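A look at the structure
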Amino acid sequence: MQIYGALLLLPAAVLLGTFAYLPTVATLINSLFLPGFRGAPPEFVGLENYAMLVEDRTFWRVARNNLIYALGTIPTSIALALCMALFVNARLPGRGFVRMAYFTPTILPMIAAANIWMFFYAPQIGLFNKLLGALGLSGVNWLGDPSVALTSVIVMTVWKEAGFFMIFYLAALQSIPPELKEASDLEGTSRWSFFWRVTFPLLMPTTLFVLINALINAVRVVDHLFILTKGGPNNATNLLLYYVYENAFSFFDRTYAATITVVILLVLAVVATLKFTVLDRRTHYQ
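Here the structure is a predicted model, which is why all the values come from computation and not from measurement.

1. A look at the overall build of the protein chain
- Scanning the protein chain from terminus to terminus reveals 13 helices and two strands.
- If you line up the protein chain on its principal axes, its C-alpha atoms span 75 × 75 × 30 Å.
- Taken over 286 residues, the protein chain has a buried fraction of 35%.
- Taking all contacts inside the protein chain whose residues are at least 6 apart in sequence as the whole, residues at least 24 apart take part in 65%.
- Accessible surface, the protein chain: about 17400 Å² in total, of which carbon and sulfur atoms supply 69%.
- When the 18 positive and 14 negative side-chain charges of the protein chain are each reduced to one mean point, those points stand 7 Å apart.

Now the structure itself:
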């Protein structure tokens, strides 16, 4: 039976090792070398790339951008998804249409969504500046002004992700026994008290799942930056994974890109450890 169980696990283990663990080890090894030029072999430099990373001002600015991006997208998209789920879970006319409208941004490819929002943000003909002009206000260079460019990217991301997270909350809400609501009504409990004392604690496993997904999405942002800003203006919207791409494929410094990737993996490992040691203990699964 043990051999049979091992054989059942073998395909998944091979795939996981091939596409997860081996690339991670290779990336760690590459981060210890300098790239070879004109056919020369890579030069082993130990932790020199990491020393360069500590002194790289662009990296720290990109890391700061990613932190702001995460703080702007994660809580906002989760809160908005929960509010939308509560709204469409209630009995209201056209509930199916409203659910479809909320979920529609999710099924759009990110490239298509970025092109739509590029039209919204266009300085001269964009929808937002047209609305501001109708109100007698001057237009804003949404993607060209460093002070508002990152916020513009955050707004688009929240619009794209909230509907996806709403589906998980909606499924969790529909799994809550209706007897709990009936008992609270008999006790005269207000809706607000019922939400905070009953509904929200029962949604904690879903919230934790959504939180992890939102965190992963906040780190792996690349595609819509290609369309909207390409990391500009002046690195105002440059994020970590896009910075990795720039170093690997624009500057052809793949060992430095590997160094940045290792740092990202270490940060995610710390977050995962906190999740399993702190958040899981505060989550009620029953």
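2. Examining the UniProt feature "domain: ABC transmembrane type-1" (unreviewed entry) in the protein chain
- If you check UniProt for "domain: ABC transmembrane type-1" (unreviewed entry), the listed places come out as residues 63-275 in our numbering.
- Between the C-alpha atoms that bound residues 63-275 the distance is 21 Å, and the span itself is 77% helix and 0% strand.

3. Topic: the packing of helix α3 (residues 57-89) against helix α7 (residues 149-174)
- At a closest axis distance of 6 Å, the pairing of α3 and α7 adopts a crossing angle of 40°. Here α7 runs oblique to α3, going by the angle between their axes. Taken as a pair, α3 and α7 cross one another with a handedness that is right-handed.

4. A closer look at the nonpolar core
- With 40 residues, the main nonpolar core has Tyr69, Tyr169 and Leu203 as its most contacted residues.
- Of all elements in the fold, only α3, α5 (110-121), α7, α10 (204-219) and α11 (223-228) reach the threshold of two or more residues within this core.
- The element best represented in this core is α7, accounting for twelve residues.
- Among all residues touching leucine 203, those that are not within four sequence positions of it are Leu82, Tyr169, Ala172, Leu173 and Ile176.

5. A look at the packing of aromatic side chains
- Tallied over the full model, the rule gives 23 aromatic pairs.
- Summarising the aromatic geometry, the rings of phenylalanine 119 and phenylalanine 120 are spaced 6.2 Å apart at their centres and angled 55° between planes, so their arrangement reads as tilted.
- Overall, phenylalanine 119 belongs to the partly exposed group, its relative accessible area being 45%.
- A connected cluster of aromatic rings, assembled from ring pairs, spans Trp117, Phe119, Phe120, Tyr121, Phe128, Trp142 and Trp159.

6. Quick word on unusual backbone geometry
- The omega torsion across glycine 232 and proline 233 is -5°, close enough to zero to call that bond cis.
- With respect to the helices and strands, proline 233 occurs in the loop between α11 and α12 (240-250).
- In this structure, asparagine 234 is a non-glycine residue whose phi angle is positive, near 55°.
- Looking at the secondary structure, you find asparagine 234 in the loop between α11 and α12.
- Since its relative accessible area comes to 60%, asparagine 234 is described here as exposed.
- For asparagine 235, which is not glycine, the phi dihedral falls at a positive 60°.
- Its location among the elements puts asparagine 235 in the loop between α11 and α12.
- Classification of asparagine 235 by relative accessible area gives partly exposed; the value is 23%.

7. So, the packing of α12 against helix α13 (residues 254-279)
- At their nearest, the axes of α12 and α13 sit 7 Å apart, and the two run at 160° to each other. When the axis of α12 is compared with that of α13, the two are roughly antiparallel. Of the two elements, α12 crosses α13, and the hand of that crossing is left-handed. Judged by residue contacts, Leu240, Tyr243, Val244, Asn247, Ala248 and Phe249 of α12 engage Arg254, Tyr256, Ala257, Ile260, Thr261 and Ile264 from α13.
- For the contact of α12 with α13, the class distribution of residues is nine nonpolar, two polar and one charged.

8. Section: a nonpolar patch on the surface
- Where nonpolar side chains cluster on the molecular surface, the patch consists of Ile3, Leu7, Leu10 and Val14 and spans about 400 Å² of accessible area.
- Relative to the elements of secondary structure, leucine 7 occurs in helix α1 (residues 2-30).
- Take leucine 7: its relative accessible area is 53%, and that puts it in the exposed class.

9. Considering the side chain of lysine 160
- Inspection of the secondary structure puts lysine 160 in helix α7.
- Buried and without a salt bridge, lysine 160 has aspartate 223 as its closest oppositely charged side chain, separated by 7.9 Å.
- If we skip the residues at most four places from it in the chain, lysine 160 touches Pro105, Thr106, Leu108, Pro109, Met110 and Ala113.

Cut-offs applied
- Residues numbered from 1 in each chain as written.
- Predicted model: local features only at pLDDT ≥ 70, side-chain atom pairs only at ≥ 80, totals over all residues.
- Heavy atoms only, no water.
- Helix = DSSP H or I, 4+ residues; strand = E, 2+ residues; numbered from the N terminus.
- Buried < 20%, exposed > 50% of the residue type's maximum accessible area, 1.4 Å probe, protein only.
- Contact = heavy atoms within 4.5 Å.
- Areas by Shrake-Rupley, 256 points an atom, 1.4 Å probe, with all protein chains shown as cover.
- Lys, Arg positive; Asp, Glu negative; His and termini not counted.
- Charge placed at Lys NZ, Arg CZ, Asp CG, Glu CD.
- UniProt positions renumbered as here; feature names shortened; annotations may be inferred.
- Axes fitted to C-alpha atoms, helices over the stretch in contact; angles between N-to-C directions.
- Parallel < 35°, antiparallel > 145°, perpendicular 65-115°, else oblique.
- Left-handed = near helix turned anticlockwise from the far one by under 90°.
- Core = buried A, V, L, I, M, F, W, Y, C linked by side-chain atoms within 4.5 Å.
- Phe/Tyr/Trp six-rings, centres within 6.5 Å; stacked < 30°, edge-to-face > 60°.
- Nonpolar A, V, L, I, M, F, W, Y, C, P; charged D, E, K, R; others polar.
- Patch = residues over 30% accessible without salt bridge, like charges linked within 9 Å, V, L, I, M, F, W, Y side chains within 5 Å.
- Salt bridge = Lys/Arg side-chain N within 4 Å of Asp/Glu carboxyl O.

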